[in-house]
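# A structural walkthrough
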Amino acid sequence: MSKAQGLGFIAASLLLCSFNLMAGSEAFKPGVVLPQYGKIAEVETSVTIPKNMKFKVVFDMSKAAEPGKVNRSLDTLARFINMHVSNGVALDDIDLMMVVHGSAVKDFTLEKFYQSIQGKPNANAELIDQLSKIGVKFNLCGQSAAYYDVSLPQLLPRVDMALSAMTAHAIAAKEGYSLNPF
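Our subject in this report is the structure included herewith.

Calculation criteria
Residues numbered from 1 in each chain as written. Predicted model: local features only at pLDDT ≥ 70, side-chain atom pairs only at ≥ 80, totals over all residues. Heavy atoms only, no water. Phe/Tyr/Trp six-rings, centres within 6.5 Å; stacked < 30°, edge-to-face > 60°. Helix = DSSP H or I, 4+ residues; strand = E, 2+ residues; numbered from the N terminus. Buried < 20%, exposed > 50% of the residue type's maximum accessible area, 1.4 Å probe, protein only. Arc of directions from axis to C-beta. Contact = heavy atoms within 4.5 Å. Pairing = 2+ DSSP bridges. Core = buried A, V, L, I, M, F, W, Y, C linked by side-chain atoms within 4.5 Å. 1 Å grid on protein atoms, 1.4 Å probe; cavity = no way out; pocket = protein on both sides within 12 Å on 5 of 7 lines; lining within 4 Å. Points joined across faces, edges and corners; volume = space filled by probe spheres on them.

## Comments concerning the packing of aromatic side chains
This structure, assessed with the given rule, holds four aromatic pairs. Note on Phe 55 and Phe 80: the rings are 5.5 Å apart at their centroids and 85° apart in plane angle, and the pair reads as edge-to-face. Taken together, the residues span a long stretch of sequence, with Phe 55 in strand 3 (residues 55-61) and Phe 80 in helix 2 (residues 72-86) at a distance of 25 residues. Considered together, Phe 55 and Phe 80 belong to a single accessibility category, that of buried residues. Ring centres of Phe 59 and Phe 80 lie 5.6 Å apart, and the angle between their planes is 80°; this geometry places the pair in the edge-to-face category. Placement of the pair is Phe 59 in strand 3 and Phe 80 in helix 2, with a sequence separation of 21 residues. Taken individually, Phe 59 and Phe 80 each receive the classification buried, so the pair is uniform in this respect. Pairwise contacts between aromatic rings join Phe 55, Phe 59 and Phe 80 into one cluster.

The following block contains the structure:
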């Protein structure tokens, strides 16, 4: 290898190392709408979000968070909002719904009830409140609630109970929501 090739290799290696400094969790920063949740990374894209795009998306959540921690699926809603608003989509053009079933119903209960079953404070309550205030809808599966002995009065404010998760998804589809596959 010549001296010039060696210097070129070193320069290329340093350039790659500088890109790697922002890889992994270091690349993720607070978003503009919910800065304490849903961290996002800047990315170069080749798919353009259409001008005046309106997002109407339903998400599915079936697993409870580890007691005392924020549910990753809730953080995903915050990330969806943060990344799209940070990339030019108006908050008013984002309409999200979360269908909640399985053990995840526990994460949507009032503090006293949550602590009685999980033994720790409900770390999800604040994020659910913030998401609700910006229009995210939460539809909880009544069948799962019955299984976990959760009643309507035990739910956090602005959390609705549907007959079932299947019912909530069918209604969401009828209302024009697309299903987020993950």
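There is more to say after this.
## Let's talk about helix 6 (residues 165-174)
Turning to helix 6, its buried residues number three or more, namely Ala 165, Ala 168 and Ala 172. Down the axis of helix 6, the buried set is contained in an arc of 60°. They therefore lie on one face. Seen from the buried face of helix 6, the exposed residues on the opposite side, beyond 90 degrees, are Met 166, Ala 173 and Lys 174. Buried residues belonging to helix 6 abut strand 3, strand 4 (94-100), strand 5 (137-141) and strand 6 (159-162).

## Some words on the sheet that holds strand 7 (residues 178-179)
With parallel pairing, five strands are arranged side by side in an open sheet as 6-5-4-3-7. Looking at strand neighbours, the two that pair on one side only are strand 6 and strand 7, the edges of this open sheet. Bridge count for strand 4 against strand 5 is four bridges, and the pairing is parallel. By the bridge assignment for strand 5, Met 98 is matched with Phe 138.

## Side note on the nonpolar core
Counting residues in hydrophobic clusters, the biggest one holds 31 residues, and the most contacted among them are Leu 74, Leu 77, Leu 96, Phe 108, Leu 131 and Phe 138. Counting only elements with at least two residues in this core, the list comes to strand 3, helix 2, strand 4, helix 4 (125-133) and strand 5. If one sorts the elements of this core by residue count, helix 2 sits on top with five residues. Leaving out residues up to four positions away in the same chain, Leu 77 has contacts with Phe 59, Leu 96, Met 98, Leu 131, Val 136 and Phe 138. Val 99, Ala 162, Ala 165 and Tyr 177 belong to the second largest nonpolar core, which has nine residues in total.

## Observations regarding the layout of surface pockets
The gaps left among the atoms become clear once a water-sized probe is rolled over them. By volume, the largest pocket is sized at about 660 Å³. Along its surface, the largest pocket is lined by 27 residues, and Ala 41, Val 43, Met 83, Ser 86 and Asn 87 are the ones closest to its centre. Per-element accounting of the lining of the largest pocket gives the leading share, four residues, to helix 2.

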